[in-house]
Amino acid sequence: MTTSNTGTGAVDPSVREELERLRDSIDNIDAAVVHMLAERFKATQQVGRLKAVHQLPPADPAREARQIARLRSLAENAKLDPAFAEKFLNFIIAEVIRHHERIAEDTVNHQATDAG
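Overview of the structure. (Residues numbered from 1 in each chain as written. Predicted model: local features only at pLDDT ≥ 70, side-chain atom pairs only at ≥ 80, totals over all residues. Heavy atoms only, no water.)

## Points about the overall build of the protein chain
In step 1: When helices and strands are counted, the protein chain shows three helices and zero strands.
In step 2: Of the regular secondary structure in the protein chain, the N- to C-terminal order runs α-α-α.
In step 3: In terms of its C-alpha atoms, the protein chain occupies a principal-axis envelope of roughly 75 × 35 × 20 Å.
In step 4: Sequence-distant contacts in the protein chain: of pairs separated by 6 or more residues, those separated by 24 or more amount to 53%.
In step 5: Counting every atom, the protein chain has about 8800 Å² of accessible surface; 59% of that belongs to carbon and sulfur. (Helix = DSSP H or I, 4+ residues; strand = E, 2+ residues; numbered from the N terminus. Contact = heavy atoms within 4.5 Å. Areas by Shrake-Rupley, 256 points an atom, 1.4 Å probe, with all protein chains shown as cover.)

Encoded structure:
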């Protein structure tokens, strides 16, 4: 972790200690978020393979709309800006769809290779 002092003069040691404690907490939360996203993408990869095998479309707009509404509600209850939560989920959904498209293409190519 990097600590910088952008102010002038010495920082009270108790303030620096509290700042370090808070930053350590933020670092731990960031690590948890990364691990949770990795788990989420493992699950969505499985969904993508299932969709590809059964020739289902990579995107599911109705599901995506339900998820956005659900996440906005969760964000409101958690006192998080729902617009931010929606932007975050839209970013994730776009990445998931990209993965699903790639999985579908790989599946079609693999089936074509097997048939030939």
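## Observations concerning the side chain of His 100
In step 1: Secondary-structure assignment places His 100 in helix H3 (residues 82–115).
In step 2: There is a polar contact of 3.4 Å between the side chain of His 100 and the backbone nitrogen of Gly 48.
In step 3: In this structure His 100 touches Thr 44, Val 47, Gly 48, Lys 51 and Pro 58, once residues within four positions along its chain are discounted. (Polar contact = N/O pair within 3.5 Å; in protein donor to acceptor, adjacent residues only side chain to side chain.)

## Some words on the pattern of salt bridges
In step 1: Inspection of every chain in the model, using the stated rule, returns four salt bridges.
In step 2: One salt bridge in this structure joins Glu 18 and Arg 21, with 2.7 Å as the shortest N-O distance. With Glu 18 and Arg 21 both in helix H1 (residues 13–53), this residue pair falls three residues apart, about one helical turn.
In step 3: Across the salt bridge formed by Glu 86 and Arg 72, the nearest N and O atoms sit 2.6 Å from each other. Residue Glu 86 is found in helix H3, and its partner Arg 72 is found in helix H2 (residues 61–77); the two are separated by 14 residues along the sequence.
In step 4: For Glu 86, a relative accessible area of 25% translates into the label partly exposed. (Salt bridge = Lys/Arg side-chain N within 4 Å of Asp/Glu carboxyl O. Buried < 20%, exposed > 50% of the residue type's maximum accessible area, 1.4 Å probe, protein only.)

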